Amino acid sequence: MTNMTAHTMPASRGNGPARPATDTVPGPTARHATRAARIGLLSISLGTAGLGGAWQAAATSFPAALHVSDALFTLSGLLWLVLLAQ
């Protein structure tokens, strides 16, 4: 039997010692990281608008769904404005 452990272990790339993981981003990039996190929150508004579109499509067979669709579109717009103002 042959020992295969030497062939299955990942090779070292020779980049030196591993850097410790940091939880905070120092300097001016911290502002950009915060902005990126806020922009990521806009997906909540887009998801709500998509849900409103699904309810609007359901209104063809269930007329009361149109009111739910209108409420979701309104909520989506308000969320977008609040998140954009931040």
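Look above for the structure.
Residues numbered from 1 in each chain as written. Predicted model: local features only at pLDDT ≥ 70, side-chain atom pairs only at ≥ 80, totals over all residues. Heavy atoms only, no water.

Here the focus is the overall build of the chain. Looking only at helices and strands, one finds four helices and zero strands in the chain. Counting from the amino terminus, helix and strand elements in the chain follow one another as α-α-α-α. Taken over 86 residues, the chain has a buried fraction of 12%. (Helix = DSSP H or I, 4+ residues; strand = E, 2+ residues; numbered from the N terminus. Buried < 20%, exposed > 50% of the residue type's maximum accessible area, 1.4 Å probe, protein only.)

This part takes up helix α4 (residues 65-85). Given a rise of 1.5 Å per residue, 21 residues ought to cover 30 Å, and the 30 Å separating the end C-alpha atoms of α4 matches this to within 8%. Of the positions making up α4, those classed as buried are Ala 65, Ser 69, Leu 72, Ser 76 and Leu 83. The buried residues of α4 occupy one face: seen down the axis, they fall within an arc of 65°. Away from the buried face of α4 by more than 90 degrees, exposed residues His 67 and Ala 85 are located. (Expected span 1.5 Å × (residues − 1). Arc of directions from axis to C-beta.)

Attention shifts here to the packing of helix α3 (residues 42-58) against α4. The description of two packed helices rests on the angle between their axes and on the distance between the axes. Contact pair α3 / α4: the axes reach a minimum separation of 8 Å and the direction vectors enclose 165°. On the basis of their axis angle, the class for α3 and α4 is roughly antiparallel. As α3 runs across α4, the sense of the crossing is left-handed. In this structure, α3 uses Leu 42, Ile 44, Ser 45, Thr 48, Ala 49, Leu 51, Gly 52, Gly 53, Trp 55, Gln 56 and Ala 58 to contact α4, whose residues at the interface are Ala 65, Val 68, Ser 69, Leu 72, Phe 73, Leu 75, Ser 76, Leu 79, Trp 80 and Leu 83. Partitioned by chemical class, the residues of the contact of α3 with α4 number 14 nonpolar, seven polar and no charged. (Axes fitted to C-alpha atoms, helices over the stretch in contact; angles between N-to-C directions. Parallel < 35°, antiparallel > 145°, perpendicular 65-115°, else oblique. Left-handed = near helix turned anticlockwise from the far one by under 90°. Contact = heavy atoms within 4.5 Å. Nonpolar A, V, L, I, M, F, W, Y, C, P; charged D, E, K, R; others polar.)

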